[in-house]
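Observations on chain architecture
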Amino acid sequence: MRKLYSYKDLAVSVADETEVTFSVELVSDGNIISTTINIPKLPPEEDPVIEDAGSASIGKAKDLRGDATVVFSDIINLIPQEDTIEIHYKVNGELVLAHKNLKSEEVRPLVLLLIKFVE
Amino acid sequence: MKAKITILISLMVLQSVCAQEKLTPLKTPTSPASSVLGLQPTAVLTPKSYDALEAAVYSNFIGDNGINVPDDFALEFAPYWTKDHGLTVYDYLYAKSVGEQLKRNTSFSVATTQSLVLNDSVNSTAIALGIRTSLYFPNKSDRQAVDSRLKELRANQRTVSGIGAQVTPFAFTDGSFEDFWAHSKMHIESFLRIEYPNLTEQETNQFLKDLFEKGKGMGYDSTNNDAFLAAFINSIDEKLNGDQLFTEFEGYIKNRYGLTVDIAYANLISFPTNDFEFSILPKQSLWITPAYRFKDGFDFLKVLAVLRYEWYDTDYYAGYFENTQFYSNNLDYGLSAIGDFNKFSVQLELIGRSSSAEIPSGTDVQNNPLFRKVSDSDFQYIATFSYNLTEQINLSYSLGNRFEPVTNDQNTIISLLGLNFGFGAPSKKDLGLVQYLGD
């Protein structure tokens, strides 16, 4: 069974009118990722999806208050030279979470982030 | 069960009784240094960082009395992979230039022994150094194969991450599994319809029905639902064949369509008196192996060519390997075809060898040394049949005619029965890592 790495108590402080950009960065080599960001106040079809690395605007901070924003990544790594999976999740360029696991532990990790945007 | 074990042990014993000299496979060796040394190390160290390399060298080469050469030691080091580069899988598969490929694929190898036998009795120390690289030339078939596999994987990942992101809030809301299902079902259905448009109405309904039935037994607990969520998402991934897609793509990357050229060089440094002040470079080898894997009707077929050139110091061999004849130059050239048919595979090899040497033959009237040139040629052909009895056990049989060995030139027939076992990797408990990594 694939291992779920769950990070549920993440909080980011952002001012109300600030546009929030969420980014995924590949650190280790050869990862294939799909990351979906469930923004509570948006319908599912408008939730951004980041393939591998990239950024997505998720709206103004004041619209992200209340319920946690859910980020869910499906990651695989199939290159033989790499023994570690390392991904960085950032909000407006600031590191929110550095996920790292050995491939010997899980080669297809699932990563869950629950992020609260606070004032 | 006992009968099976007895048969397996009998076969192993049979192999060891009938074992002949090791065959040199028709390909560039993974560790050229071990190959030129004729070493079959129990383990090859592959440090992934300079710190690990330093530790490996220090712990193996530094002893109480200073530097010592370890016995049966092999190390392979690829500098490029000591650092992270954040490569996407496309960056990884399609390097932008030949120079970039050389940087990525070059590895250095070291092998050492204290058991290089001279004159059939004296053990001596030897070190081998090697370098290996590989160039790959992708073609249209490879692009198609990668794109189609990646497309399927991406659809699977979007579905899993999309459903995961949508159902997570319901998994942490008070209520029962039925409440969770009532909120989640439409999201799951929606992703299936978008990402898997070929699923029929009936198949989609069956998918949902099976998932619901399975989900009921997953121990839903909204106060601590990580385990439930993991099991639920895994169940979806399983039904979408995520593991199979991964395994197929991983397998393809190791054996891509198109042309690969492996190049390696190694040399042997011998210390015949076991004294570091006196060393000889008696043997050097160069391998060039182009391999081509076909597609479509012939995708079971891979064809390899090999060119192996070896230089020998004939004075060294004449001095330390009496009663054997070594040529100063050996050129091996050949072709191999490998056919894979599910559990069964066949490999046919044809290799030619051309050897030459200049041998002193006295002096002329002015006392200048004279040489005579001697040359020889030989031919080797081998057919190997392999069958995977299970995922862990492989049975193989090789039949053919080998090059004339230097020690017994009448013994050229090859008839080798082999049985290879694969055992499970050690667990975290075995390695004592539970305290650091958890269960």
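Look a little higher up for the structure.
Residues numbered from 1 in each chain as written. Chains lettered and ligands numbered in written order. Predicted model: local features only at pLDDT ≥ 70, side-chain atom pairs only at ≥ 80, totals over all residues. Heavy atoms only, no water.

**A look at the interface of chain A and chain B**
Here is the rule we go by: Between two residues, a contact is recorded if the distance between any of their heavy atoms is within 4.5 Å. Note: buried area is the sum, over both parts, of the accessible area (probe 1.4 Å) each one loses when the two are combined. Salt bridges are defined by distance alone: a side-chain nitrogen of Lys or Arg within 4 Å of a carboxyl oxygen of Asp or Glu. Here a strand is any run of E in DSSP of at least two residues, a helix any run of H or I of at least four, and the numbering for each starts at the N terminus. Throughout this entry, Asp, Glu, Lys and Arg are counted as charged residues, while Ala, Val, Leu, Ile, Met, Phe, Trp, Tyr, Cys and Pro are counted as nonpolar. The remaining residues, Gly among them, count as polar.
Every contact between the two is made by 41 residues of chain A and, on the other side, 40 residues of chain B. Each partner contributes to the roughly 3500 Å² buried at the junction of chain A and chain B, and carbon and sulfur atoms together form 59% of this total. Put simply, chain A and chain B have seven salt bridges between them. Elements that contribute at least two residues to the side of chain A that touches chain B include exactly β1 (4-13), β3 (31-38), β4 (49-51), β6 (69-77) and β9 (110-118) of chain A. Here the side of chain A that touches chain B gets seven residues from one element, more than from any other, and that element is β3 of chain A. Of the residues assigned to the side of chain A that touches chain B, the class counts are 19 nonpolar, 10 polar and 12 charged.

**Regarding the pattern of salt bridges**
Under the convention used in this document: Any residue under 20% of the maximum accessible area for its type is buried, any over 50% is exposed, and the rest in between are partly exposed; the area is computed with a 1.4 Å probe on protein chains only.
Evaluated as defined, the whole model comprises 27 salt bridges over all chains. The partner of E105 of chain A in a salt bridge is K3 of chain A, and the shortest N-O contact between them spans 3.7 Å. Here E105 of chain A is found in the loop between β8 (94-102) and β9, whereas its partner K3 of chain A is found in the segment before β1, with 102 residues between them in sequence. Notably, a salt bridge pairs E201 of chain B with R193 of chain B, separated by 3.6 Å at the nearest N-O pair. Relative accessible area serves as the criterion here: at 36%, R193 of chain B is assigned to the partly exposed category. Taken together, the shared-partner salt bridges connect R2, D74 and R108 of chain A together with D237 and D243 of chain B into one network.

**Topic: unusual backbone geometry**
Residue and element names in this part refer to chain B. Within the chain, D72 stands out as a residue other than glycine whose phi angle is a positive 55 degrees. Within the fold, D72 resides in the loop between β2 (66-67) and β3 (73-77). Phi is positive for N241, close to 60 degrees, though the residue is something other than glycine. Here N241 shows up in the loop between α9 (226-239) and α10 (242-254).

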